[in-house]
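# Observations on the model geometry
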Amino acid sequence: MIPDANAGRPGNPLAFPLSATVLTLMALFTLPVATVALPAQPALMGLFLLAVCLLNGLTAAILCMLLLAGSPLHSLTWVAAAYAFSTVMAVMQMLAFPGIFGPAPLVGGSGQTAAWVWAVWHAGFPLLLLAHVGQRLLGRHEAQAPATQILPVLFSVACALLLGLIVLGAAEHLPVIMDGYHYGTMLRDPSGIGAVVLSVTALCAVVGVTRLRDTFDRWLTLGQYAFTLDVVLALAGQSRYSAGWYMSRAMSLLCAGALLMALLAHSFRLYRAAAQRALQLQVEVVHDPMTGLLNRRGLLQLMQTELERARRHARPLALLFIDMDHFKHINDTYGHPAGDLCLKSAALQLCASANRHCDVIARYGGEEFVVLLPECDETGAGVVAERIRAAVEAAYDHGTVPCRMSVSIGLSRFPADGITSLDELIDAADAALYEAKRAGRNRVVHARPEAAARSLSPS
Ligand SMILES: Nc1nc2c(ncn2[C@@H]2O[C@H](COP(=O)(O)OP(=O)(O)OP(=O)(O)O)[C@@H](O)[C@H]2O)c(=O)[nH]1
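Everything numeric here is computed off the predicted structure, so don't read it as measured data.

## Details of the overall build of the protein
When its secondary structure is counted, the protein shows 15 helices and 5 strands. Computed over the C-alpha atoms, the radius of gyration of the protein is 37 Å, more than 25% above the 23 Å expected from 2.2 N^0.38 for a compact globule of 459 residues. Each of the three principal axes of the protein carries a C-alpha extent, and together these read 105 × 45 × 40 Å. A burial count over the protein gives 49% of its 459 residues as buried. Counting only contacts in the protein whose residues sit at least 6 apart along the sequence, the fraction spanning at least 24 positions is 77%. Here the protein displays about 21,400 Å² of accessible surface, and carbon together with sulfur accounts for 65% of that area. Mean positive and mean negative side-chain charge positions of the protein (32 and 32 charges, respectively) differ by 5 Å.

## Quick notes on the site of the ligand
Taken together, the neighbourhood of the ligand is formed by 17 residues, with His326, Phe327, Lys328, Asp340 and Arg363 sitting nearest. For the ligand, the protein covers 68% of the area, taking 670 Å² as the surface of the free molecule. At the level of secondary structure, the elements contributing two or more residues to the shell around the ligand comprise strand S1 (317-324), helix H11 (327-334) and helix H12 (336-353). The element contributing the most residues to the shell around the ligand is H12, with 4 residues. Taken together, the residues of the shell around the ligand sort by class into 4 nonpolar, 5 polar and 8 charged.

## Here we look at the confidence of the model for the protein
Low-pLDDT portions of the prediction should not be read for the details of their coordinates. For the protein, per-residue confidence averages 90 on the pLDDT scale, and residues scoring 70 or more make up 93% of the total. Per-residue pLDDT stays below 50 along residues 1-8; that stretch engages in 21 contacts with residues further than four places along the chain or on separate chains. Across residues 451-459, where pLDDT falls below 50, the model places 0 contacts with residues more than four positions away in sequence or in other chains. If you check the scores for this complex, the pTM reads 0.72 and the ipTM reads 0.93.

## Focus on a negative patch on the surface
A contiguous patch of negative charge on the surface is contributed by Asp423, Glu424, Asp427 and Asp430. For Asp423, the location among the structural elements is in helix H14 (residues 422-438). For Asp423, a relative accessible area of 52% gives the class exposed.

## Description of the side chain of Gln349
By secondary structure assignment, the location of Gln349 is in helix H12. For Gln349, a relative accessible area of 18% corresponds to the buried category. Here Gln349 is in contact with Ala391, Val392 and Ala395, once residues within four sequence places are set aside.

## Some thoughts on the nonpolar core
Most often, soluble globular proteins have nonpolar side chains that are buried together. Among the nonpolar cores identified, the biggest contains 79 residues, and Val79, Trp118 and Leu259 are the most heavily contacted of them. Where this core is concerned, the elements lending two or more residues are helix H2 (15-30), helix H3 (42-68), helix H4 (77-96), helix H5 (113-138), helix H6 (151-170), helix H7 (190-210), helix H8 (215-237) and helix H9 (243-284). Per-element accounting of this core gives the leading share, 14 residues, to H4. Ignoring any residue separated from it by four or fewer positions in sequence, one finds Trp118 in contact with Gln93, Met186, Ala195, Asp230, Val231, Ala234, Leu235 and Arg249. Listed in part, the 30 residues of the second largest apolar core include Phe369, Ala381, Ile388 and Val392.

## Side note on the pairing of strand S4 (residues 407-414)
Of all the 8 residues making up S4, 7 are buried; the element is thus mostly covered by neighbouring parts of the structure. Pairing of S1 with S4, which is carried by 8 bridges, proceeds in the antiparallel orientation. By the bridge assignment for S4, Asp323 is matched with Ser408. Bridge count for S4 against strand S5 (residues 444-446) is 3 bridges, and the pairing is parallel. Among the inter-strand pairings, Gly410 is bridged to a residue of S5, identified as Val445. With H14 bridging S4 and its parallel neighbour S5, the resulting β-α-β unit is left-handed.

## As for the pattern of salt bridges
With the rule as written, the count across this model stands at 14 salt bridges. Of the charged contacts in the structure, one is a salt bridge between Arg315 and Glu375, with a shortest N-O distance of 2.9 Å. Remark: Glu375 occurs in the loop between strand S3 (368-374) and helix H13 (378-394) and Arg315 occurs in the loop between helix H10 (296-313) and S1; sequence separation between them is 60 residues. When its relative accessible area of 39% is taken as the criterion, Glu375 is described as partly exposed. In this structure, Asp332 and Lys328 form a salt bridge, with 3.1 Å as the shortest nitrogen-oxygen distance. Of this pair, Asp332 and Lys328 both sit in helix H11, 4 residues apart, which is roughly one turn of that helix. For the pair formed by Asp332 and Lys328, the shared burial category is exposed. When salt bridges that share partners are traced, they join Asp323, Asp325 and Lys437 into one network.

## Some remarks on the pairing of S1
Of all 8 residues in S1, 8 are buried; the element is thus mostly enclosed. Side-chain alternation along S1 places Leu317, Leu319, Phe321 and Asp323 on one buried face and Ala318, Leu320, Ile322 and Met324 on a second face that is also buried.

## Regarding H10
Given a rise of 1.5 Å per residue, 18 residues ought to cover 26 Å, and the 25 Å separating the end C-alpha atoms of H10 matches this to within 8%. As for H10, its buried residues are in contact with S1, strand S2 (360-365), S3, S4 and H14. Measuring from the side-chain oxygen of the N-cap residue of H10 to the backbone nitrogen of Arg297 gives 3.2 Å; that N-cap residue is Asn295. Phi turns positive one or two residues past the end of H10, at Ala314, with a value near 50°.

Thresholds applied
- Residues numbered from 1 in each chain as written.
- Predicted model: local features only at pLDDT ≥ 70, side-chain atom pairs only at ≥ 80, totals over all residues.
- Heavy atoms only, no water.
- Helix = DSSP H or I, 4+ residues; strand = E, 2+ residues; numbered from the N terminus.
- Rg over C-alpha atoms; globule rule 2.2 N^0.38 Å.
- Buried < 20%, exposed > 50% of the residue type's maximum accessible area, 1.4 Å probe, protein only.
- Contact = heavy atoms within 4.5 Å.
- Areas by Shrake-Rupley, 256 points an atom, 1.4 Å probe, with all protein chains shown as cover.
- Lys, Arg positive; Asp, Glu negative; His and termini not counted.
- Charge placed at Lys NZ, Arg CZ, Asp CG, Glu CD.
- Near = heavy atom within 4 Å.
- Nonpolar A, V, L, I, M, F, W, Y, C, P; charged D, E, K, R; others polar.
- pLDDT = per-residue confidence, 0-100.
- Patch = residues over 30% accessible without salt bridge, like charges linked within 9 Å, V, L, I, M, F, W, Y side chains within 5 Å.
- Salt bridge = Lys/Arg side-chain N within 4 Å of Asp/Glu carboxyl O.
- Core = buried A, V, L, I, M, F, W, Y, C linked by side-chain atoms within 4.5 Å.
- Pairing = 2+ DSSP bridges.
- Right-handed = clockwise from strand over helix to strand, strands pointing away.
- Expected span 1.5 Å × (residues − 1).
- Polar contact = N/O pair within 3.5 Å; in protein donor to acceptor, adjacent residues only side chain to side chain.

Given below as structure tokens:
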């Protein structure tokens, strides 16, 4: 379902079964003592609802952001809606629960307002998950634009607000499901039975449709499993502040946190993959894939820096412009793969011949290379150029290429008369290279920039 998140990462296979086992054991240990009354902690309920609200809200927000960003998580749009619904209902329950903001509830005088908010909440969440299952069964999510996918979330928030406000305002007129702290009647009432049936149905539907195929399916299922246990334990407890009631709060938190953990792990993996790709692109954009040398873009970036450094510290800088001789003939006679092999071999000879740490070697384009030699005067550069020429020529004797090959090299230097910029340094070397070709190839020619400048200037 989400290829980008799970590519090559099946996740820890034990995490899901272990978590499900822990939830089951927690429920099994609690059920026999579910009705045991424990000390009332309304302030704890405030903290709990705040946490549930934050966890659900974060889950919904992250899902919405991923949806808007065009993530392939698009089939989770109704899941985002369900968590958004839970967020609003948690706020409603905070307002309706006595003892959080004062002895009386902030809104809704009736003692059963909070119970009705709970009933609506625990019917709405599984219903929205069933909508998610329906959407996956119909496969309707693929074609929708990212912004359209947020509509179910807006719809669920509107429903939660409307239903919540109705319950807050009219709970006194609804059937009685709360007697003091006791809500045992919900076990026989549609409000309780409905919540159980919907939760179990949603759980079975999620398992049946997703078949727990990927990480998200598993954590979504775990969240719904915790939600179902939340409903069962709350009803089994039959009254506020019973063991079952407290354990159901814990389950509610786990439901809110399960998918959030999976989303955070997903976001972390996405971020790490993006950061690695960005680094990789930074390298790729300045390198030639065939030879592994710098490409023209990378070379020009470095050259500018080296020229400024040479100018500032009055140090010499030399440039070799290198072109393979009769390379078209090599391609035509031996084929392009052989031509490529020759280029790679020539690149290796360049690296072996200009081997100072500061030397810069680049593939300028096609069968042209440039070697930049910082801290190297004309004599030294001539030695390196001759070494390169001889090494390329000797490659055939060493059996690394299928044919004889040679290079012509133009050498320019800085400082020199008439050379003040990068372009002039390159042009001077290029002109010298042209001289080398004209003079018969397989040779090194030193630039005479003053002469070149004179010859280029219109008479
Ligand atoms: N195999 C291969 N050939 C390339 C590559 N890049 C450029 N070439 C070839 O290099 C050849 C360059 O030919 P020309 O510019 O005519 O130069 P040349 O044949 O070397 O002749 P001179 O430079 O005058 O000695 C062309 O046939 C290009 O197709 C490459 O990456 N691989």
